[in-house]
Amino acid sequence: MATTVTLNVNGTNHTASVPDTGMPLLWALRDILGMTGTKYGCGVEICGACTVLVDGQPEKSCDMDVGSAAGRKILTIEGLVNDPDGKKAQAAWIAAQVPQCGYCQSGMLMSVVGAMKAGHHGSQIAGELNNICVCGTYARINQAIQTL
């Protein structure tokens, strides 16, 4: 039996019918709300491709259930265009030509923006990242982070 939840994503309330409130937030974002910028990587909270911000803090959406996300402010990669920290991070990514395949980059950017919102800059941000980039663009990621 489906359950209706309200998710505040990128500043807009969305009513979603989910099969179970234990459903991972990742699948509600992607499959129900159509926000496919958040990626599925490993499914066990290791790679960080699924990272979103929940109340300003980075969360791995593959492991956070939709019931725990209801009523909280969720920011996805699609919402960074309207966020001052997000715009700054995206500009740094472009200037440093960070992405290669780009698959991990939405989660990487969300982790960086979360660190910025916590008041961290440059090497402080780099020390907090635990996202995995299979292409190995870490030098360019670090170059971009140092400008923030």
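Right above here is the structure, for reference.
Treat the numbers as computed from the prediction; the structure is a model and nothing was measured.

What counts, and at which threshold
- Residues numbered from 1 in each chain as written.
- Predicted model: local features only at pLDDT ≥ 70, side-chain atom pairs only at ≥ 80, totals over all residues.
- Heavy atoms only, no water.
- Helix = DSSP H or I, 4+ residues; strand = E, 2+ residues; numbered from the N terminus.
- Buried < 20%, exposed > 50% of the residue type's maximum accessible area, 1.4 Å probe, protein only.
- Contact = heavy atoms within 4.5 Å.
- 1 Å grid on protein atoms, 1.4 Å probe; cavity = no way out; pocket = protein on both sides within 12 Å on 5 of 7 lines; lining within 4 Å.
- Points joined across faces, edges and corners; volume = space filled by probe spheres on them.
- Nonpolar A, V, L, I, M, F, W, Y, C, P; charged D, E, K, R; others polar.
- Core = buried A, V, L, I, M, F, W, Y, C linked by side-chain atoms within 4.5 Å.
- Phe/Tyr/Trp six-rings, centres within 6.5 Å; stacked < 30°, edge-to-face > 60°.
- Pairing = 2+ DSSP bridges.

## Structural notes on the environment of Gly-86
Then, number 1: With respect to the helices and strands, Gly-86 occurs in helix H3 (residues 84-95).
Then, number 2: Note on Gly-86: relative accessible area 0%, which makes it buried.
Then, number 3: In the structure, Gly-86 is positioned 11 residues away from Leu-75 in sequence and 10.0 Å away in space, judged by C-alpha atoms.
Then, number 4: Non-local contacts of Gly-86, meaning those with residues more than four positions away in its chain, are made with Leu-80 and Val-113.

## A closer look at empty space enclosed by the protein
Then, number 1: Tallied over the full model, the rule gives 1 cavity of 30 Å³ or more.
Then, number 2: Taken as a whole, the largest cavity holds about 30 Å³ of empty space.
Then, number 3: Forming the walls of the largest cavity are Gly-41, Cys-42, Gly-43, Glu-45, Ile-46, Cys-47, Gly-48, Cys-50 and Cys-62.
Then, number 4: Across the lining of the largest cavity, the residue classes tally to 5 nonpolar, 3 polar and 1 charged.

## What about the nonpolar core?
Then, number 1: If you look at the biggest cluster of nonpolar residues, it comprises 23 residues, and the most contacted ones within it are Leu-80, Ala-89, Trp-93, Val-112, Ile-125, Ile-141 and Leu-148.
Then, number 2: For this core, the leading source of residues is helix H4 (residues 105-117), giving 7 residues.
Then, number 3: Contact partners of Ile-125, with chain neighbours within four places excluded, come to Val-112, Ala-115, Met-116, His-120, Ile-145 and Leu-148.
Then, number 4: Counting residues in hydrophobic clusters, the runner-up holds 16 residues, among them Leu-7, Ala-16, Val-54 and Ile-74.

## Observations concerning the layout of surface pockets
Then, number 1: Its volume calculated, the largest pocket comes out at about 150 Å³.
Then, number 2: In terms of lining, the largest pocket is formed by 13 residues, of which the most central are Pro-58, Ser-111, Glu-128, Asn-130 and Asn-131.
Then, number 3: Elements with a minimum of two residues in the lining of the largest pocket: strand E4 (57-60) and H4.
Then, number 4: The residue makeup of the lining of the largest pocket, split by class, is 4 nonpolar, 7 polar and 2 charged.

## Quick word on the packing of aromatic side chains
One pair of aromatic rings is described through two measures. These are the centre distance and the angle between the planes.
Then, number 1: According to the stated counting rule, one finds 1 aromatic pair in the structure shown.
Then, number 2: Aromatic side chains Trp-27 and Tyr-40 sit 5.3 Å apart centroid to centroid with 35° between the ring planes, which places their arrangement in the tilted category. Here Tyr-40 lies in the loop between helix H1 (25-32) and strand E3 (51-54) and Trp-27 lies in helix H1, a separation of 13 residues in the sequence.
Then, number 3: On the basis of relative accessible area, Trp-27 is assigned to the partly exposed category, the value being 28%.
Then, number 4: The exposure class of Tyr-40 is partly exposed, given its relative accessible area of 36%.

## Details of the environment of Ala-126
Then, number 1: Its location among the elements puts Ala-126 in helix H5 (residues 123-128).
Then, number 2: Along the chain, Ala-126 and Cys-47 lie 79 residues apart, while their C-alpha atoms are 16 Å from each other.
Then, number 3: The residues touching Ala-126, leaving out its near neighbours within four places in the chain, are Asn-142, Ile-145 and Gln-146.

## Description of H1
Then, number 1: Of the residues making up H1, those classed as buried are Leu-25, Leu-26, Ala-28 and Leu-29.
Then, number 2: Where the residues of H1 are buried, they touch strand E1 (3-9), E3, helix H2 (66-69) and strand E5 (73-75).
Then, number 3: Remark: Gly-34 follows H1 within two positions and exhibits a positive phi of approximately 75°.

## With respect to the pairing of E3
Walk down a regular strand and you will see the side chains alternate between the two sheet faces.
Then, number 1: Along E3, one buried face is formed by Thr-51 and Leu-53 and the opposite face, lined by Val-52 and Val-54, is buried too.
Then, number 2: Note: E3 against E4, 4 bridges, orientation antiparallel. Note that in E4 the partner of Thr-51 across the bridge is Lys-60.
Then, number 3: Linking two consecutive strands that pair antiparallel, namely E3 and E4, is a turn of 2 residues; a positive phi of about 50° is found at Asp-55 within it.
Then, number 4: In terms of strand pairing, E3 meets E5 through 2 bridges, oriented antiparallel. Considered in E5, the bridge of Val-54 is made with Ile-74.

Keep in mind that these numbers describe shape and distance, not what the molecule does.
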